Amino acid sequence: MEHGSLTNDSHASFTLAEEDHTLANAVRFMLNQDPRVTLAGYSIPHPSLECVNVRVQTTGDPAREVLKDACQELMLMNRHVRSVFDKAVSEFKVEHARLAAEEEKKKKAEEEELKKQRDLLASMDIESD
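Residues numbered from 1 in each chain as written. Predicted model: local features only at pLDDT ≥ 70, side-chain atom pairs only at ≥ 80, totals over all residues. Heavy atoms only, no water.

Q: Which residues make up the overall build of the chain, and what are the values?
A: Scanning the chain from N- to C-terminus turns up two helices and four strands. When the elements of the chain are put in sequence order from the N terminus, they spell out β-β-α-β-β-α. The globule rule puts the C-alpha radius of gyration for 129 residues at 14 Å, and the 32 Å found for the chain is more than 25% above it. By its C-alpha atoms, the chain is 110 × 30 × 20 Å across when sized along the principal axes. Considering the chain as a whole, with its 129 residues, one finds that 18% of them fall into the buried category. Considering only intrachain contacts with a sequence separation of at least 6, the fraction spanning at least 24 residues in the chain is 55%. (Helix = DSSP H or I, 4+ residues; strand = E, 2+ residues; numbered from the N terminus. Rg over C-alpha atoms; globule rule 2.2 N^0.38 Å. Buried < 20%, exposed > 50% of the residue type's maximum accessible area, 1.4 Å probe, protein only. Contact = heavy atoms within 4.5 Å.)

Written as structure tokens, this is what we have:
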């Protein structure tokens, strides 16, 4: 919901329903990165309310458009983070599987060597006096 001025659309407050500090702080950060923004902040009206008030003041551009642009930039950033994370998880799984296979191969080789040594000892004819 937008609470803006009828005469100046470069200043507005927005209420984001069912949101908290997680989204509000990220949106505030993105807004403050925009050179068109002169003021960006948010508040939680009451801890028991699930809404956030975001205040945006710009150098002249419509506050609604600047907020929309900030949200789109945030979505792009999140997509990038997600793709980097997914790639890292895939690489980890491949490396983990490779290391597990190497470990299994090493374990089998050790077991085979131990079996050969036991067979050798069993085949030796040791006489006791």
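Next, the rest of the story.
Q: So, the pattern of salt bridges: which residues are in play, and what are the values?
A: Enumeration according to the criterion identifies nine salt bridges in this entry. In this structure, arginine 36 and aspartate 61 form a salt bridge, with 3.6 Å as the shortest nitrogen-oxygen distance. Placement of the pair is arginine 36 in the loop between α1 (21–33) and β3 (37–43) and aspartate 61 in the loop between β4 (51–58) and α2 (63–123), with a sequence separation of 25 residues. In this structure arginine 36 comes out as partly exposed when scored by relative accessible area, which is 23%. A salt bridge links glutamate 102 to arginine 98, with the shortest nitrogen-to-oxygen separation between them at 2.3 Å. (Salt bridge = Lys/Arg side-chain N within 4 Å of Asp/Glu carboxyl O.)

Q: Requested: an account of the packing of α1 against α2, with residues and values cited.
A: Across the interface, α1 lies against α2 with an axial gap of 9 Å and an inter-helix angle of 110°. By the angle between their axes, α1 is roughly perpendicular relative to α2. Only Val66, Leu67, Ala70, Cys71, Glu73, Leu74 and Met77 of α2 make contact with α1, whose side of the interface consists of Leu23, Ala26, Val27, Met30 and Leu31. Split into classes, the residues belonging to the contact of α1 with α2 amount to 11 nonpolar, no polar and one charged. (Axes fitted to C-alpha atoms, helices over the stretch in contact; angles between N-to-C directions. Parallel < 35°, antiparallel > 145°, perpendicular 65-115°, else oblique. Nonpolar A, V, L, I, M, F, W, Y, C, P; charged D, E, K, R; others polar.)

Q: Break down α1 for me, citing the residues and quoting the values.
A: Along an α-helix, residues three or four apart share an orientation, since each turn contains 3.6 residues. Between its terminal C-alpha atoms α1 stretches 18 Å, which fits the 18 Å expected from 13 residues at 1.5 Å a residue. Residues of α1 that are buried include every one of Ala24, Val27, Met30 and Leu31, and no others. Down the axis of α1, the buried set is contained in an arc of 130°. They therefore lie on one face. Exposed and facing more than 90 degrees away from the buried side of α1 are Thr22 and Gln33. Of the surrounding secondary structure, the elements contacted by the buried residues of α1 are β3, β4 and α2. Capping the start of α1 is the job of one residue whose side-chain oxygen sits 3.0 Å from the backbone nitrogen of threonine 22: aspartate 20. (Expected span 1.5 Å × (residues − 1). Arc of directions from axis to C-beta. Polar contact = N/O pair within 3.5 Å; in protein donor to acceptor, adjacent residues only side chain to side chain.)

Q: So what's going on with the state of the cysteines? Residues and values would help.
A: Scanning the model with the defined rule gives zero disulfides in all. Cysteine cysteine 71 remains unbridged, with the sulfur of cysteine 51 as its closest cysteine sulfur at 16 Å. (Disulfide = S-S within 2.5 Å.)

Q: Just give me the short version of the pairing of β4, but keep the residues and values in it.
A: As paired strands, strand β2 (residues 11–17) and β4 are joined by seven bridges and run antiparallel to one another. Looking at β4, one finds that leucine 16 is bridged to valine 52. (Pairing = 2+ DSSP bridges.)

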